[in-house]
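Take a look at the letters that make up each chain.
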Amino acid sequence: METVSTNRSYAGTQGVYSHASSETGTGMTFAVYVPDHPEGAKLPVVWYLSGLTCTHANVMEKGEYRRAASELGLIIVAPDTSPRGEGVPDDSGYDMGQGASFYVDATEAPWSDHFRMRSYIERELPDLIAAQFPADMERQAIFGHSMGGHGALTIALRNPGRFKSVSAFAPVVSPLNCLWGEKALSGYIGGDKSAWRQYDACALIEDGARVADILVDQGTSDNFLDEQLKPHLLAEACAKADIPLTLNMRQGYDHSYYFISTFMEDHLRWHAQRL
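Just so we're clear, the structure is a prediction, and the values are computed from it rather than from any experiment. (Residues numbered from 1 in each chain as written. Predicted model: local features only at pLDDT ≥ 70, side-chain atom pairs only at ≥ 80, totals over all residues. Heavy atoms only, no water.)

Caption draft 1: Local environment of the pairing of strand β2 (residues 12–20). Most of β2 sits out of view: seven of its nine residues are buried. Where strand β1 (residues 2–8) and β2 come together, six bridges link them in antiparallel fashion. Considered in β2, the bridge of S5 is made with V16. Linking two consecutive strands that pair antiparallel, namely β1 and β2, is a turn of three residues; a positive phi of about 45° is found at Y10 within it. Both β2 and strand β3 (residues 27–35) contribute to a ladder of nine bridges, which runs antiparallel. Among the inter-strand pairings, T13 is bridged to a residue of β3, identified as V34. Between β2 and β3, which pair antiparallel in sequence order, lie six residues; one of them, G25, sits at a positive phi of approximately 70°. (Buried < 20%, exposed > 50% of the residue type's maximum accessible area, 1.4 Å probe, protein only. Helix = DSSP H or I, 4+ residues; strand = E, 2+ residues; numbered from the N terminus. Pairing = 2+ DSSP bridges.)

Here you go:
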């Protein structure tokens, strides 16, 4: 692991780091915020997964999480959204390719050589965080935005017991039922929609996956609300499965980091209570 940069902020250290990933076969960059803490102490870890077109830097620069994370004693880990670099395939659209991994392990060419973000987030990067930072891996939470909200929900549902809590901002709740998901999953996974279910929060719940509860914030003025996000599908799935869902429809808010930063502290406090 190499240190790209470190900055002091709110009695903690905001770092950016890089390493050679065995899963993606590329260099990967990620951000970690560590509050000041007594020597030898281990802090709970909150993972934040970003959305389409983003890198580790979007939430780091615009998410406004450090003051609350410092107060609550939370390590914040913000990975990149996809592999990047020379030789990594891409797509002409913003909704597939570099910056748009959908946190899957691709099985279709040309994506399968590098697009292994599921394994990267679920296995490789946690091992690195545990080895290099004062992280209590028995106390983990996960959240994200849009495509990253989809990633957070599906990763938590596929890994019962690993995460004490899961939340999302404006998540893609059912890639099986939106154009973003249809394009990405057909390209990465192939045409068999039964194979997509492991990457669809609503389908995972229908198939028996469970978490203790879920928090979702969604802006009512989000221009992707009706065609891509469809939070009512998650509400229906959770109701049928008796999973407590707090779905906050935030009047007038859009899909941007103005929205995310407004409710970031609420989510961190919600996670801290469960950690």
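Caption draft 2: A look at the sheet that holds strand β9 (residues 245–250). Within the open sheet, the nine strands sit side by side as β1-β2-β3-β5-β4-β6-β7-β8-β9. Their pairing is mixed. Sheet topology places β1 and β9 at the edges, where each strand pairs with a single neighbour. The mean angle between the axes of side-by-side strands here comes to 20°, regardless of whether they run parallel or antiparallel. In terms of strand pairing, strand β8 (residues 214–219) meets β9 through six bridges, oriented parallel. Paired with L215 across the two strands is T246, which belongs to β9. Across the face of the sheet, helix α4 (residues 147–158) comes into contact with β4 (43–49), β6 (135–145), β7 (163–169) and β8 while running at roughly 140° to β6. (Axes fitted to C-alpha atoms, helices over the stretch in contact; angles between N-to-C directions. Contact = heavy atoms within 4.5 Å.)

Caption draft 3: Inspection of the side chain of D213 at higher detail. In this fold, D213 is placed in the loop between α6 (201–206) and β8. There is a polar contact of 3.1 Å between the side chain of D213 and the side chain of R274. The residues contacting D213, other than those within four sequence positions of it, are V166, I243, P244, W270 and R274. (Polar contact = N/O pair within 3.5 Å; in protein donor to acceptor, adjacent residues only side chain to side chain.)

Caption draft 4: View of empty space enclosed by the protein. Per the stated rule, a full pass over the model turns up one cavity of 30 Å³ or more. Approximately 40 Å³ is the volume found for the largest cavity. Lining the largest cavity, in full, are W47, I121, E122, P126, Q140, I142, I155, R162 and F163. Contributions of two or more residues to the lining of the largest cavity are made by α3 (117–132) and β6. Ranked by residues supplied to the lining of the largest cavity, first place goes to α3 with three residues. (1 Å grid on protein atoms, 1.4 Å probe; cavity = no way out; pocket = protein on both sides within 12 Å on 5 of 7 lines; lining within 4 Å. Points joined across faces, edges and corners; volume = space filled by probe spheres on them.)

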